[in-house]
Amino acid sequence: MQLIMNPGLLDEQVFELPEGSVTIGRTEESTICVLHKSLSRRHARLERDGERILLVDLNSKNGTFVNEARIERHELRGGEAFRCGEVRFKLVSSANPLPVDLSPTQVQPLQTRFSPGSMDELLERHSEPGEGSALKVRHANRESRATDKLQVLLKVSQLLSSPGSIDALLERILDLVFQIMEVDRAAILLVDATSGRLVPRVARTASGEAPSGPFFSQRIVDYVRSHSVAALFSDARLDPRLDDAASVVLQSIQASMCAPLKPRDEVLGVLYVDNLSRPNGFSEEDLEFLTAFANQAAIALDNSLLSKRIEEEAVLRNVYLRFFPPATLKKLQMAKGGPLETIETEVTVLFSDISGFTALSSTLEPRQVVDLLNDYFPVMADIVFRYEGTLEKYIGDALMAVWGAPFSHPDDADRAVRAAVEMQRALAELNARWRAQGRPELNIHVGLNTGRVAAGNIGSEQYVQYATIGDATNVASRVCSAAKDGEICMNETTFQRWRSKDWPVQQLEPVQVKGKEKALTLYRLEWRDPTMTV
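A quick note: this is a predicted structure, and the numbers were derived from the prediction, not measured.

1. Describing the overall build of the protein
A count of helical and extended segments in the protein gives 12 helices and 24 strands. Looking at the protein residue by residue over its 534 residues, the buried ones come to 47%. Here the protein has roughly 28,000 Å² of accessible surface; of this, 50% comes from carbon and sulfur atoms.

Rendered as structure tokens:
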């Protein structure tokens, strides 16, 4: 069986549907991850048993629909479509793929008479000395050479359009320089983002060897970068502008050219070539061609940098989706999406734990435990995000969230208190649904603590975890342990920061907790309505 996402649209994707369970959602926790705002973190589940496919909604916010009717459970038939939020899916049998009826009037291979041949076909192996140009194009007369150069540049654009790493692209550019022109050495220097200086990235001699050290004239490359012009020094030894350029003398540079790599308004770097054997080795025609070649190279380089940046931002966004609500993600994007710096700040920490979960787990099958948590955690996480909290981590059956990092609000404590109350009320609704389905019910106890922490990214390049480190997080766990089933408790500092006082509280007897010499003054929030039963 196959599942087709957005059939007929540009972003259509086909997924094989294996035996067993497949989940659909907007996080990597799901089997089919679709980054669409209308999907919940875990939106729906498909359970396949042979040809029988059961579609189950996982208490999603925007619903699962079959024939535009919202469903909780529905047995799908082959060819039937359904919708999760705004994302459409269609179930098809692999044995009966969708028919394709194409009857073209005429077909045309990709190679046409307008397409350039191979680079070897467009170039001569060697140019004759004294021709006045370093270009290896075939024809000598002006009109034919113009056509040849256009064909070569078209071929260059094709060869540089292939995706790949930046280092591989720079090597490919130098390969083409030596293939197209008679030069002795070539180098590409890029602007370093930190220092703002031109830094050599690749350099090579005509024999394919790496030069022993810097050989280019710093005066030349800086001039080209600062003036955003391509420059030709036909006889570098006699050029008065290079009188104090020591590299020209020491390296015996006879002639040199340099062109900026400038795809738009910003110069990304420069392309430098030189000749050690003959003065006047480069002509005006060569400079014009090198300028056009550098423009093609700059566009390819800009595309490669943009592709890398988009890839990094996508990875970072997927990582941050686990921690931050949409409003926080938007602020991070406006800050260029860079790594979060470590800050010291005051936060309100919420620690929520399922009461008696170890004992409950021993009475259930592992699959039942996982299904129960997969129903419970997304509801709690959505509440944290609704109040713009940071979902820091799951610890077994416990959940930890913070308000105040990476961005603070004047009412962070109020948001945390409201989130705690809504968690208890949402659990009551979950229990009512589970009770009707004959499934076990849960109780949670919640602790709130306010204090100073260090907050930021920790981990490695492969795994990033946004975390708050400090005594405030440990104390929140202790406050949670002091709370009983269905209770919300907070420490003195949180009580003071809590402005709205929407619910009455009862001050408890001082509680001695592990790791603290002084007993904690705690307050129990009377969050239940008088008529409410849990």
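2. Describing the pattern of salt bridges
All told, the structure shown has 25 salt bridges when counted by the stated rule. A salt bridge links Glu171 to Arg204; the shortest N-O distance between them is 2.5 Å. In this pair, Glu171 sits in helix H3 (residues 166-180) while Arg204 sits in strand S13 (residues 198-205), placing the two residues 33 residues apart along the sequence. A salt bridge links Glu422 to Arg386; the nearest nitrogen and oxygen atoms lie 2.1 Å apart. A residue pair is termed long-range when its members are at least 10 positions apart, and Glu422 in helix H10 (residues 412-436) and Arg386 in helix H9 (residues 366-386) qualify at 36 residues. Taking the relative accessible area as the measure of exposure, Glu422 reaches 22% and is therefore partly exposed. Among the charged side chains, a salt-bridge network with shared partners connects Glu68, Arg83 and Arg88.

3. So, the sheet that holds strand S9 (residues 73-76)
Adjacent strands of a sheet pair through backbone hydrogen bonds, lying either parallel or antiparallel. Pairing in this open sheet of 5 strands is mixed, and the strands run S4-S3-S5-S6-S9 from one edge to the other. One side of each edge strand has no neighbouring strand; the edge strands of this open sheet are strand S4 (32-33) and S9. The pairing of strand S3 (residues 20-25) with strand S5 (residues 44-49) spans 5 bridges and is antiparallel. By the bridge assignment for S5, Val22 is matched with Leu46.

4. Quick notes on the state of the cysteines
This model, assessed by the stated rule, comprises 0 disulfides. Sulfur of Cys480: no disulfide; nearest cysteine sulfur belongs to Cys489 and is 8.9 Å away.

5. What to know about the packing of aromatic side chains
Enumeration according to the criterion identifies 5 aromatic pairs in this entry. A centroid spacing of 5.2 Å and a plane angle of 55° characterise the contact between Tyr376 and Phe377, whose relative ring orientation is tilted. You'll find Tyr376 and Phe377 in the same group, each marked buried. Ring pairing ties together the aromatic residues Tyr376, Phe377 and Tyr394, which thus form one cluster. Here the basic side chain of Arg83 rests over the ring of Phe65, its NZ or CZ set 4.2 Å away from the ring centre. Across from the ring centre of Phe495, 4.8 Å away, lies the NZ or CZ of Lys501, which sits over that ring.

What counts, and where the lines are drawn
- Residues numbered from 1 in each chain as written.
- Predicted model: local features only at pLDDT ≥ 70, side-chain atom pairs only at ≥ 80, totals over all residues.
- Heavy atoms only, no water.
- Helix = DSSP H or I, 4+ residues; strand = E, 2+ residues; numbered from the N terminus.
- Buried < 20%, exposed > 50% of the residue type's maximum accessible area, 1.4 Å probe, protein only.
- Areas by Shrake-Rupley, 256 points an atom, 1.4 Å probe, with all protein chains shown as cover.
- Salt bridge = Lys/Arg side-chain N within 4 Å of Asp/Glu carboxyl O.
- Pairing = 2+ DSSP bridges.
- Disulfide = S-S within 2.5 Å.
- Phe/Tyr/Trp six-rings, centres within 6.5 Å; stacked < 30°, edge-to-face > 60°.
- Lys NZ or Arg CZ within 6 Å of the ring centre and 35° of its normal.

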